[in-house]
Amino acid sequence: MPTFHCCPFCRITEIIAYNEGGDAIYVMDQIGDRNTPDSWMDEIMIRDSIKKLSQREKNILNLRFMLGKTQTEVAKEIGISQAQVSRLEKSALKRIKGQ
């Protein structure tokens, strides 16, 4: 069984482990099939949740997860502290998850 060294928000092309044969295991190798009966409904719910975020929150999530920037890089780019980025990101993700 491979050992995983991954944060909860890795990019899908990131190597998270190596198997016993030394081959890389990527995040995308661990993601389930999106073509399940409920996947389209989940996607609609996520899209609706994202639409309700502020532009600032959407920008932070885009920079972090689509462009792969660190919280520190995002903070410098938008002119706030890393701690503020962390709080805004955490809050936005909680709202998307419906918590």
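The structure this text deals with has already been given above.
None of these values were measured; they are calculated from a predicted model. All residue numbers refer to position in the chain's written sequence, counted from 1. The model is predicted, so local features are restricted to residues of pLDDT at least 70 and side-chain atom pairs to those at 80 or more, both for listing and for counting; the totals for chains, interfaces and linings are taken over all residues. To obtain the side-chain values, all non-hydrogen atoms of the structure were used and water was disregarded.

Draft legend 1. A look at the nonpolar core. Of all hydrophobic cores here, the largest spans 6 residues; its members are Ile 60, Leu 63, Val 74, Ala 75, Ile 80 and Val 85. Helix and strand assignments come from DSSP, with helices taken as H or I runs of at least 4 residues and strands as E runs of at least 2, each series counted from the N terminus. Sorting the residues of this core by element identifies α3 (55–66) and α4 (71–78) as the ones contributing at least two each. The contact criterion used throughout is that any non-hydrogen atoms of two residues lie within 4.5 Å. Non-local contacts of Ile 60, meaning those with residues more than four positions away in its chain, are made with Val 74, Ile 78, Ile 80, Val 85, Leu 88 and Glu 89. Only buried residues count toward a nonpolar core, which is a set of Ala, Val, Leu, Ile, Met, Phe, Trp, Tyr and Cys residues joined through side-chain atoms within 4.5 Å. Buried, partly exposed and exposed residues are distinguished by accessible area as a fraction of the type maximum, computed with a 1.4 Å probe on protein chains only: under 20%, between the cut-offs, and over 50%, respectively. Counting 5 residues, the second largest nonpolar core, distinct from the first, contains Leu 53, Leu 61, Ala 92 and Ile 96.

Draft legend 2. Inspection of the packing of α3 against helix α5 (residues 82–97) at higher detail. To get an axis, fit a line to the C-alpha atoms, keeping to the stretch in contact for a helix; angles then go from 0 to 180 degrees between the N-to-C directions. At a minimum axis distance of 10 Å, the contact between α3 and α5 shows a crossing angle of 100°. By the angle between their directions, the pair α3 and α5 is classed as roughly perpendicular. When α3 is examined against α5, the residues Arg 56, Glu 57, Ile 60, Leu 61, Arg 64 and Phe 65 are found in contact with a partner set consisting of Val 85, Leu 88, Glu 89, Ser 91, Ala 92, Leu 93, Arg 95 and Ile 96. Asp, Glu, Lys and Arg are counted as charged, while Ala, Val, Leu, Ile, Met, Phe, Trp, Tyr, Cys and Pro are counted as nonpolar; the rest, among them Gly, fall into the polar class. Per-class residue counts for the contact of α3 with α5 are 8 nonpolar, 1 polar and 5 charged. Oblique is the label for any angle not covered by the other classes, which are roughly parallel (under 35 degrees), roughly antiparallel (over 145) and roughly perpendicular (65 to 115).

Draft legend 3. Up close: α3. Taking 1.5 Å as the rise per residue, α3 with 12 residues should run 16 Å; its terminal C-alpha atoms sit 15 Å apart, in good agreement. Among all positions in α3, only Glu 57, Ile 60, Leu 61, Leu 63 and Arg 64 are buried. All buried residues of α3 lie within an arc of 165° about the axis, which places them on one face of the element. Away from the buried face of α3 by more than 90 degrees, exposed residues Gln 55 and Met 66 are located. Contacts made by the buried residues of α3 are with α4 and α5. Backbone geometry just downstream of α3 places Gly 68 in the positive-phi region, at approximately 70°. Here the expected span of a helix is defined as 1.5 Å times the quantity of residues minus one. Arc definition: directions from the helix axis to the C-beta atoms.

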